[in-house]
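So the chains spell out like this:
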Amino acid sequence: MKYGSYLNQQKAEFPAEWQASFVDYDVLKSFLKERMVDVNVHLSSSFPRSHVFQWSPACSTEPTFDALLQTRLEAVTKLTPEFIRLLDAEVAKFNTFFVAIKDETKSRIYSVLDPASKPKIAACEDALKDLLLLERFVFLNFTAIAKALKKHDKWSGLQIREPYLMRTSQLSFVVSTSLLRLKPELMSRLTSLLSEQDAGLSSAVLSSPSSDSIANATAALKEAAISGDSAATTRTVMISLRGPHGTDIIGGVLKCLSTHNCQIVDFSLSRLHHDVTFGVLVHLHNGDVDLFSDLAETAQKWDGSLTFDVQNARLKASMLAESTQYGLDEAPYAQRVKYIATVLNERGLSPEFLSEWLNWLLKKKISVEQMRRLDSHTSLMCVEFRLSIPESLSLDEMKTELIAISTGHQADVALQPDNVFRRQKRLVVFDMDSTLIQQEVIDEIARATGIEDQVSAITESAMRGEIDFKESLSRRVALLKGTPVAALEDVKRGLVFTEGAHYLCRALKNAGFKLAVISGGFLPLAKYVKNELGLDYAFANQLQVTPDGASLTGVTVGPVVDATRKAELLEVIAQAEGIAIDQVVAVGDGANDLLMLGKASLGIAFNAKPRVQEQARARINQKSLANILYLMGYSESEAAELQLLG
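Residues numbered from 1 in each chain as written. Predicted model: local features only at pLDDT ≥ 70, side-chain atom pairs only at ≥ 80, totals over all residues. Heavy atoms only, no water.

**Description of the packing of aromatic side chains**
Inspection of the entire model under this criterion finds 20 aromatic pairs. Each ring, one from Phe47 and one from Phe53, has its centre 5.1 Å from the other, and the planes form 70 degrees; the classification is edge-to-face. The class for Phe47 is partly exposed, based on a relative accessible area of 21%. By relative accessible area, Phe53 is classed as partly exposed at 35%. Pairwise contacts between aromatic rings join Phe14, Trp18, Phe22, Phe94, Phe97 and Phe137 into one cluster. Over the aromatic face of Tyr164 sits the side chain of Arg167, whose NZ or CZ is 4.9 Å from the ring centroid. Over the aromatic face of Tyr634 sits the side chain of Arg423, whose NZ or CZ is 5.3 Å from the ring centroid. (Phe/Tyr/Trp six-rings, centres within 6.5 Å; stacked < 30°, edge-to-face > 60°. Buried < 20%, exposed > 50% of the residue type's maximum accessible area, 1.4 Å probe, protein only. Lys NZ or Arg CZ within 6 Å of the ring centre and 35° of its normal.)

Structure follows, in structure tokens:
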């Protein structure tokens, strides 16, 4: 509901003589809309978004830029004083009536509160109702003044609201707010009278006509008790103060709120170096409009820019939908789910990619609630977005579209539900080959023994889907028959760890994680990797050796660590450590990692095959494994701090 309609609706509930003294918001708005909009000196907002300001006029009838600005400035210079005079007259009318009513109300209240008097319940009830009516009258009219000034500033391009409100601080309806603070005393007196009356009444008396006065008084008490309810009144205010003195601005706003006994509902803070914006949503009790002049003085003191919005009957900035209240940093829409999107590119996030990413969000009607930079590089590398996503969107479809968008820019976008487990992971399970290390160990063994071509042919056959992993493993291991066990030591010395592997594992261990490597390779090499990286578990295929321990027999012993076994081992480790699956991360690159990646709550395809990237929940196509920390919510500075522990 527009404020003008709301004000007229509320005004109709007042006595006729009060209605005549209301600020005529409709007249003020009409003046601005009819005469000010077309001469707005804030040119960017007064022309259509598609308008392009030309260096030279396109035709002889079009004014030059300086002539356009001069015409508008002249018009605004004339119209703004005219508007001020019109507004002054409305404020004076309202204030004059307030002064007259205030004196009558004050007299009745002091009479009731006089310790020597013995007021009747009806008199106390009338005094309380008068005070509540006066409170509503002041706040509705002050809101009309503030909103009219806001429209003037928007439609004229001049900023006069703050200094004008400072002027009103000298008027009676502002400086007499002490009268409104008598409400608690009045409520207490009425409650006391009701208690005394109730103690002396029998059921017969309660059924008599005199009980009507008690019922009326009780109703008045209830009305007074709920008069601060934001869903029923206009006493909810959104305040924002921006300026270069961060802590001073926060302290100044909080001091004003404390002075005027406001209830803080929510707040939000953002900083860009020295420039801070502090927003706060408050319930203003007792219609204490002197708050706004104090805020204006605070803004002036700290070189700040003040904006505020007095909400209508229902909160607009903190909408209630399906019994859910949204905070200031949330998009206030129903049927939404919260996700975290980690956007990453080691080479730097280009404006072109970020623009395409934001356009995609707009197309999907996805709201950005928060943005947090995670890296500390000279160029922007990683940003974490908190998103409000319509429930109707398909996660699989979004992931497919994001792969297409990000691939062309060599970037990655990982979507995760924003729930309590996102930053409460406790177990990370890694594949080994082409994940923790850069090589495939069976290829390295084959190269050391001169059978590389034969092993590669079997590997390619498996990749084409002609044979499964177990058959592929069996054939390749068979080719290793007679290979000296000492060759494994040579392979160990030649292993190259993936960039960032040591950094990642050290950070995770110092943060209290359990770490495991589960490999389709071979146990001696998996144990070596485990010891080098400080992991807790290592599982892989066990190569059988001859009785003298000198050479390989060409077969494995024990369960084959294939895709199914990897997923099973992940679950076994989690159960042994008492860790929920929602707290498990898995990282891998091959098709035999898919079940493991799917079992974990966060499965990351690291420089993986296309099929794996399509099916995994998240993907990273960057050089360093340390980037996994970003997906887990750690900033670069936090990761660096973790390196120093232990």
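**Structural notes on helix H1 (residues 3-11)**
Since one α-helical turn is 3.6 residues long, residues separated by three or four positions face the same way. Buried residues of H1: Tyr3, Gly4, Tyr6, Leu7, Gln10 and Lys11, and no others. All buried residues of H1 fall inside an arc of 160 degrees around its axis, so they share one side. (Helix = DSSP H or I, 4+ residues; strand = E, 2+ residues; numbered from the N terminus. Arc of directions from axis to C-beta.)

**With respect to the nonpolar core**
Phe83, Ile145, Phe173, Val237, Ile239 and Phe308 are the most contacted members of the largest nonpolar core, which has 64 residues in total. With 13 residues, the single largest contributor to this core is helix H6 (residues 121-156). Non-local contacts of Ile239, meaning those with residues more than four positions away in its chain, are made with Leu257, Phe278, Gly279, Val280, Val282, Leu291, Leu295, Leu306, Thr307 and Phe308. Met432, Leu504, Cys505 and Leu523 belong to the second-largest nonpolar core, a separate cluster that totals 58 residues. (Core = buried A, V, L, I, M, F, W, Y, C linked by side-chain atoms within 4.5 Å. Contact = heavy atoms within 4.5 Å.)

**Quick word on helix H21 (residues 501-510)**
All of the buried residues along H21 are Ala501, Leu504, Cys505, Ala507 and Leu508. Projection of H21 onto a plane perpendicular to its axis shows the buried side chains occupying an angular sector of 160 degrees, all on one side. Close packing links the buried residues of H21 with strand E11 (427-430), strand E12 (514-522), helix H22 (523-533), helix H26 (628-631) and helix H27 (636-643). After H21 finishes, the residue Gly512 shows a positive phi value of roughly 95 degrees.

**Quick notes on the sheet that holds strand E9 (residues 382-390)**
Strand order in the open sheet formed by 4 strands is E8-E9-E7-E10, with antiparallel pairing between adjacent strands. With one partner strand each, in any of the chains shown, strand E8 (367-373) and strand E10 (412-417) form the two edges of the open sheet. The mean angle between the axes of side-by-side strands here comes to 25 degrees, regardless of whether they run parallel or antiparallel. As judged from the 6 bridges shared by strand E7 (residues 336-344) and E10, these two strands associate in the antiparallel manner. Bridge assignment links Tyr339 to a residue of E10, and that residue is Pro417. Those strands touched by helix H16 (residues 395-407) are E7, E9 and E10, and its axis lies near 160 degrees from that of E10. (Pairing = 2+ DSSP bridges. Axes fitted to C-alpha atoms, helices over the stretch in contact; angles between N-to-C directions.)

**Here's the deal with the pattern of salt bridges**
By the definition in use, this model includes 27 salt bridges. Of the charged contacts in the structure, one is a salt bridge between Arg242 and Asp275, with a shortest N-O distance of 2.9 Å. Here Arg242, found in strand E1 (residues 236-243), pairs with Asp275, found in strand E3 (residues 275-283); they are 33 residues apart in sequence, far enough to count as distant. Given the relative accessible area of 25%, Asp275 is considered partly exposed. With a closest N to O distance of 2.3 Å, Asp490 and Arg493 form a salt bridge. (Salt bridge = Lys/Arg side-chain N within 4 Å of Asp/Glu carboxyl O.)

**Remarks on the environment of Val491**
Relative to the assigned elements, Val491 resides in helix H20 (residues 486-494). Through-space distance from the C-alpha of Val491 to that of Ala448 is 7.5 Å; in sequence the pair is 43 residues apart. The contact partners of Val491, leaving out residues within four places of it in the chain, are Glu444, Ile445 and Leu525.

**What about the confidence of the model for the protein chain?**
Overall, the predicted model of the protein chain reaches an average pLDDT of 85, with 87% of residues at or above 70. With pLDDT under 50 throughout, residues 201-211 is counted as low confidence; its partners more than four residues away or in other chains account for 5 contacts. (pLDDT = per-residue confidence, 0-100.)

**Quick notes on the environment of Ile403**
Along the chain, the position of Ile403 falls in helix H16. Placed 216 residues apart in sequence, Ile403 and Arg619 show a C-alpha to C-alpha distance of 9.1 Å. Excluding residues that lie within four positions of it along the chain, Ile403 makes contacts with Gln613, Glu614 and Arg619.

**A few points about empty space enclosed by the protein**
Applying the stated criterion across every chain yields a total of 1 cavity of 30 Å³ or more. Taken as a whole, the largest cavity spans an internal volume of roughly 30 Å³. Forming the boundary of the largest cavity are Ala146, Lys147, Lys150, Arg161, Phe308, Asp309 and Val310. Broken down by secondary-structure element, the contributors of at least two residues to the lining of the largest cavity are H6 and strand E4 (305-310). (1 Å grid on protein atoms, 1.4 Å probe; cavity = no way out; pocket = protein on both sides within 12 Å on 5 of 7 lines; lining within 4 Å. Points joined across faces, edges and corners; volume = space filled by probe spheres on them.)

**Brief notes about the packing of helix H3 (residues 25-35) against helix H5 (residues 65-113)**
When two helices pack together, their arrangement is given by the angle between the helix axes and by the axis-to-axis distance. The interhelical angle for the contact between H3 and H5, taken along N-to-C directions, is 170 degrees, at an axis separation of 10 Å. In terms of axis orientation, H3 runs roughly antiparallel to H5. Here Val27, Leu28, Phe31, Leu32 and Arg35 of H3 lie close against H5, whose contacting residues are Leu79, Glu82, Phe83, Leu86, Leu87 and Glu90. For the contact of H3 with H5, a count of residues per class yields 8 nonpolar, no polar and 3 charged. (Parallel < 35°, antiparallel > 145°, perpendicular 65-115°, else oblique. Nonpolar A, V, L, I, M, F, W, Y, C, P; charged D, E, K, R; others polar.)

**Comments concerning the packing of helix H7 (residues 161-168) against helix H14 (residues 290-301)**
The contact between H7 and H14 brings their axes to 8 Å, and the two run at 130 degrees. In terms of orientation, H7 and H14 fall into the oblique class. As H7 runs across H14, the sense of the crossing is left-handed. Residues Glu162, Leu165 and Met166 of H7 pack against Ser293, Ala296, Glu297, Ala299 and Gln300 of H14. Looking at the contact of H7 with H14, its residues break down into 4 nonpolar, 2 polar and 2 charged. (Left-handed = near helix turned anticlockwise from the far one by under 90°.)

**With respect to the pairing of strand E16 (residues 602-606)**
Among the 5 residues of E16, 5 are classified as buried, and the element is accordingly described as predominantly covered. Along E16, one buried face is formed by Leu602, Ile604 and Phe606 and the opposite face, lined by Gly603 and Ala605, is buried too. Pairing of strand E15 (residues 584-588) with E16 involves 4 bridges; the strand directions are parallel. Note on E16: the bridge partner recorded for Val587 is Ile604.

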